[in-house]
Structure formats: structure tokens, C-alpha cells
Amino acid sequence: MALKIQIINGPNLNLLGKREPDIYGHITLEQIQKEVEKHSQKKNISVDFCQSNIEGEIVNKIQEIEDNAQGLIINAAAFTHTSVAILDALNTLNIPKIEIHISNIFAREEFRHKSMISKSVHGIICGFGLNSYILAVDAIENIIKNENR
Ligand code: DQA
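In what follows, the accompanying structure is described. Residue positions within a chain follow its written sequence, with the count starting from 1. In view of the model being predicted, local features appear only for residues whose pLDDT reaches at least 70, and side-chain atom pairs are presented and counted only at 80 or more, with totals across whole chains, interfaces and linings using the full set of residues. By convention in this description, side-chain values take in all heavy atoms of the structure and omit both hydrogens and water.

**Brief notes about the packing of aromatic side chains**
Any two aromatic rings considered together are summarised by their centre-to-centre distance and by the angle between their planes. Two rings belonging to Phe, Tyr or Trp (six-membered ring only in the last case) form a pair when the distance between their centres is within 6.5 Å. Interplanar angles under 30 degrees mark stacking, angles over 60 mark edge-to-face geometry, and anything in between is tilted. Tallied over the entire structure, the rule returns one aromatic pair. Taking the centre distance of 6.1 Å and the plane angle of 35° together, the rings of F49 and Y133 count as tilted. Separated by 84 residues along the polypeptide, F49 in strand β2 (residues 45–51) and Y133 in helix α5 (residues 130–147) bring together distant segments of the chain. Taken as a pair, F49 and Y133 share a single burial class, namely buried. Strands here mean DSSP runs of E at least two residues long; helices mean DSSP runs of H or I at least four residues long; both are numbered from the N terminus. Exposure is judged per residue with a 1.4 Å probe applied to protein chains only, and the accessible area is read against the type maximum: over 50% gives exposed, under 20% gives buried, and values in between give partly exposed.

**As for the site of the ligand**
One heavy atom within 4 Å of a molecule or strand is enough for the residue carrying it to be called near that molecule or strand. Contacts to the ligand come from R19, Y24, N75, A77, A78, H81, H101, I102, S103, I105, R108 and R112. Polar contacts here mean pairs of N or O atoms no more than 3.5 Å apart (in protein, one a potential hydrogen donor and the other a potential acceptor; neighbouring residues in sequence count only if both atoms are side-chain atoms). Measuring from an oxygen atom of the ligand, one finds a backbone N or O atom of A78 at 3.2 Å. At 2.9 Å from an oxygen atom of the ligand is found a side-chain nitrogen or oxygen belonging to R112. Reported accessibility uses the Shrake-Rupley method at a 1.4 Å probe radius. Residues are deemed covered only where the shown protein chains occlude them. Against a free-state accessible area of 320 Å², the protein chains account for coverage of 99% of the ligand. Each residue is assigned to one class: nonpolar for Ala, Val, Leu, Ile, Met, Phe, Trp, Tyr, Cys and Pro, charged for Asp, Glu, Lys and Arg, and polar for all the others, Gly among them. Looking at the shell around the ligand residue by residue, the classes come out as five nonpolar, four polar and three charged.

**Here's the deal with the nonpolar core**
Here, the term nonpolar core denotes a set of buried Ala, Val, Leu, Ile, Met, Phe, Trp, Tyr and Cys residues that are joined through side-chain atoms within 4.5 Å. In terms of nonpolar packing, the biggest core is built from 24 residues, with I5, I7, V36, I73 and Y133 touching the most fellow members. Secondary structure elements with two or more residues in this core: β1 (3–9), α2 (29–42), β2, β4 (97–101) and α5. Broken down by element, the residue count for this core peaks at six residues, all from α5. Contact definition: two residues touch when any of their heavy atoms are within 4.5 Å. Setting aside chain neighbours within four positions, we find I5 in contact with I45, S46, V47, D48, A69, G71, I73, V137 and I140. By size, the runner-up hydrophobic cluster in this structure holds 18 residues, among which are I8, V59, I65 and I95.

This is the structure:
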């Protein structure tokens with residue numbers, strides 16, 4: 001069975017490309033999705049890529065994953081720093097989970113240094129732009145391969 005990874009993007013990431021390009025670059029979320037799909041296909045991995053500005057919708061999406069995906073990549077955007085609800089939802093999920101950020105949150109304002117959700121994930125990848133997503137796909141694949149060894 002081909003591996004399936006759920007990728008969840010939080011608020012304002014739909015504005016990538018025009019949103020603070022000095023921080024996030026000029027790439028759009030649609031372009032990121034295409035690049036991630038291209039990379040994943042080569043590995044026989046399918047991805048479900050989604051975005052929401054609404055915290056409850058992200059919680060719903062996490063709850064829906066259950067047996068539908070074998071790994072989760074989440075860029076919770078601003079909710080990273082605030083959301084106990086997303087942390088609690090992640091805690092119910094027993095699959096490999098990677099938190100990612102386009103920017104290096106530790107090189108930015110102090111309020112971005114704290115993540116509410118890190119406690120629940122295998123690891124964090126941040127500061128690599130589009131490559132944060134690509135590296136996370138590889139990380140999930142690696143975790144699963146090692147589990148099956
Ligand atoms: C972000 C970093 C967050 O601090 C910010 O609120 C975002 C995007 C990133 O991908 O770099 O919206 O998650």
C-alpha cells in the first residue's frame with residue numbers, strides 16, 4: 001500500500017507569495033503543493049494538502065485523519081504559538097507527526113520562539129522555506145521505514 005501523508009497549513013498561509021515576501025519568499029502555497037506532490041510521487045507517497053484560517057477546522061481535520069494517513073506534517077502558522085486545542089487534537093493521533101515552518105521562528109520575535117504543539121510531534125523543521133515541507137516528507141518516510149525494520 002502506498003504511504004499517505006496529510007499536510008495541514010494554518011492561517012494566512014493561503015497568502016504566501018504576496019505575504020511578507022522578505023520573510024516567506026515569493027513562492028505561493030499552490031506552488032509549494034505542486035513541488036511537494038512532485039517530490040512525494042517519486043517516492044510513491046500520496047499527499048493530501050489542505051489549508052484553513054479557522055482553528056476548529058484544523059482540529060476537525062486532525063480528528064478525521066485516524067486511519068486515513070500514516071503521517072502528518074503540520075504548519076500551524078500563528079496557531080503554533082497559541083493553540084491548546086490543536087495540541088490536544090495532535091495528542092490523540094498515534095502516527096509520525098512533524099511540525100514545520102517556512103521561516104526560522106527562533107530567529108524572529110520572541111513570541112514565536114514558543115510552540116504549543118512541539119510537545120506532540122516527533123520533530124520540528126523550520127527555516128528552510130519550501131524545503132521545510134520536502135524535508136518533512138523525507139523525515140516521515142524515514143520514521144516509518146525505521147519503525148518497520
Ligand atoms: C510560520 C511562522 C509563524 O510564526 C507565523 O505565524 C506563520 C508562518 C512559518 O511557516 O514560518 O504564519 O508558521
